[in-house]
Amino acid sequence: MTLDHALAPPGISPQKPKSVPSEGSAGRRPLDLEPVTPAAARGARLRNVPRWLRRTVGPLLLLALWQVFSATGVLHPDVLASPGTIAHAGSDLIADGTLTSAMAISLQRVAVGLALGGAVGTALALVSGLSRLGEDLVDASVQMLRTVPWVGLIPLFIIWLGIGEAPKVALIALGVAFHLYLNVYAGIRGVDPQLIEAGQSLGLGRWGLVRHVVLPGALPGAMTGLRYSLATAWLALVFGESVNADAGIGFLMNQAREFFRTDVIVVCLVVYAFLGLAADVIVRILERLLLQWRPTFTGQ
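Remember, predicted model here, so these are calculated numbers, not experimental data. (Residues numbered from 1 in each chain as written. Predicted model: local features only at pLDDT ≥ 70, side-chain atom pairs only at ≥ 80, totals over all residues. Heavy atoms only, no water.)

What follows is about the overall build of the protein. Broken down by element type, the protein carries 12 helices and 0 strands. In sequence order, the secondary structure elements of the protein are arranged as α-α-α-α-α-α-α-α-α-α-α-α. Buried residues in the protein amount to 31% of all 300 residues. Taking the intrachain contacts of the protein between residues at least 6 apart in sequence as the baseline, contacts between residues at least 24 apart amount to 71%. Total accessible area on the protein stands at roughly 20,200 Å², and carbon and sulfur atoms take up 66% of it. (Helix = DSSP H or I, 4+ residues; strand = E, 2+ residues; numbered from the N terminus. Buried < 20%, exposed > 50% of the residue type's maximum accessible area, 1.4 Å probe, protein only. Contact = heavy atoms within 4.5 Å. Areas by Shrake-Rupley, 256 points an atom, 1.4 Å probe, with all protein chains shown as cover.)

Printed below as a string of structure tokens:
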């Protein structure tokens, strides 16, 4: 028996004490709870959309605005042709074989320049990155030449190599070599010294360390340099094909400029863009194949 039951008179039930409302609870209504959707669930809805579809939304919107401006007269045809006119001009160039032959010649120039520049840039980076003596002999000269605008060397290339294919290829090779040199050199010097010590403790000699430790460690930098080099190669091709070219995509652009054919000019620019995008896709595939050992963050 509790104290309350003991003190209550007979026949009277004890009363429970009333709760005293707190200061903040007066006039408060019960809370209406609403389900909250996590941010991850909202983002999952967008991720369910195919990635290729998400990547095409931006270009399609840009084309739609372009077509609307052209149809309404906001964008004059003399300034920039409409997408429909450009597509018609591109189909005509493909039908008569003009565009395909120009693409083949431009691709050949880029391939030769990329091979020469890549070989020279990688070789100089290996000499400079693997040896302090090589760094003292090579790096200062390369850094000085790198600061010189390579487009400004076109007059010298014309004097030295003439107006044929040689100056165009040399210009592409020069732009490619600097990017590969910088990134391969940085990749070699960025190898973890603890990996070098681990290789030495396992009995690897100098060339064993270079083959099994240094070069694999520098491969990510080399892939980055290759991507920059490809972009520079297409840029150098534009300048190179403006030097007395009689074939190639740049030659088509120069002809179109003389006749104010903005549709043909845009077709050539689109071809440059797609060729550069295809080259970047190839490098990405190479990165996935050669750098499978390196885990990377791919976004959320």
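Per the counting criterion, the structure on display carries 3 aromatic pairs. The interplanar angle of 90 degrees and the centroid separation of 6.1 Å between the aromatic rings of Trp150 and Phe239 together place this pair among those described as edge-to-face. Of the two residues, Trp150 is situated in the loop between helix H6 (132–146) and helix H7 (154–161) and Phe239 in helix H10 (residues 206–240); the sequence distance between them amounts to 89 residues. Look at Trp150 and you get buried, because its relative accessible area is 16%. In this structure Phe239 comes out as partly exposed when scored by relative accessible area, which is 31%. When the ring of Tyr181 is compared with that of Tyr185, the centres are 5.9 Å apart and the planes differ by 10 degrees; the resulting orientation is stacked. Of the two residues, Tyr181 and Tyr185 are both situated in helix H8 (residues 165–189); the distance of 4 residues between them amounts to about one turn of the helix. According to the relative accessible area criterion, Tyr181 is buried, its value standing at 1%. Judged by relative accessible area, Tyr185 falls into the buried class, the value being 16%. (Phe/Tyr/Trp six-rings, centres within 6.5 Å; stacked < 30°, edge-to-face > 60°.)

Its identity as a non-glycine residue notwithstanding, Phe260 has a phi of 55 degrees, on the positive side. Note on placement: Phe260 falls in the loop between helix H11 (249–258) and helix H12 (262–290).

A few words on the pattern of salt bridges. Evaluated as defined, the whole model comprises 6 salt bridges. Residue Arg227 is joined to Asp280 by a salt bridge in which the shortest nitrogen-to-oxygen separation is 2.9 Å. Placement of the pair is Arg227 in helix H10 and Asp280 in helix H12, with a sequence separation of 53 residues. When its relative accessible area of 28% is taken as the criterion, Arg227 is described as partly exposed. (Salt bridge = Lys/Arg side-chain N within 4 Å of Asp/Glu carboxyl O.)

A separate point is the side chain of Ser106. Checked against the element boundaries, Ser106 lands in helix H5 (residues 98–130). Polar contacts involving the side chain of Ser106 include one to the side chain of Glu241, which spans 2.7 Å. Ser106 has contacts with Leu237, Glu241, Gly248 and Ile249, leaving out every residue within four places of it along the chain. (Polar contact = N/O pair within 3.5 Å; in protein donor to acceptor, adjacent residues only side chain to side chain.)

The next point concerns the packing of H11 against H12. Relative to each other, H11 and H12 sit at 160 degrees, their axes nearing to 8 Å. Between H11 and H12, the interaxial angle falls into the category roughly antiparallel. Here H11 runs over H12; the crossing is left-handed. In contact with Ile249, Gly250, Leu252, Met253, Ala256 and Arg257 of H11, H12 contributes Val264, Ile265, Cys268, Leu269, Val271, Tyr272 and Leu275. Among the residues forming the contact of H11 with H12, the class breakdown is 11 nonpolar, 1 polar and 1 charged. (Axes fitted to C-alpha atoms, helices over the stretch in contact; angles between N-to-C directions. Parallel < 35°, antiparallel > 145°, perpendicular 65-115°, else oblique. Left-handed = near helix turned anticlockwise from the far one by under 90°. Nonpolar A, V, L, I, M, F, W, Y, C, P; charged D, E, K, R; others polar.)

A few words on a positive patch on the surface. A surface patch of like charges, here positive, comprises Arg51, Arg54, Arg55 and Arg288. For the positive patch, the element with the highest residue contribution is helix H3 (residues 51–71), accounting for 3 residues. Relative to the helices and strands, Arg54 resides in helix H3. (Patch = residues over 30% accessible without salt bridge, like charges linked within 9 Å, V, L, I, M, F, W, Y side chains within 5 Å. Lys, Arg positive; Asp, Glu negative; His and termini not counted. Charge placed at Lys NZ, Arg CZ, Asp CG, Glu CD.)

In short, shape yes, function no, at least from these values alone.
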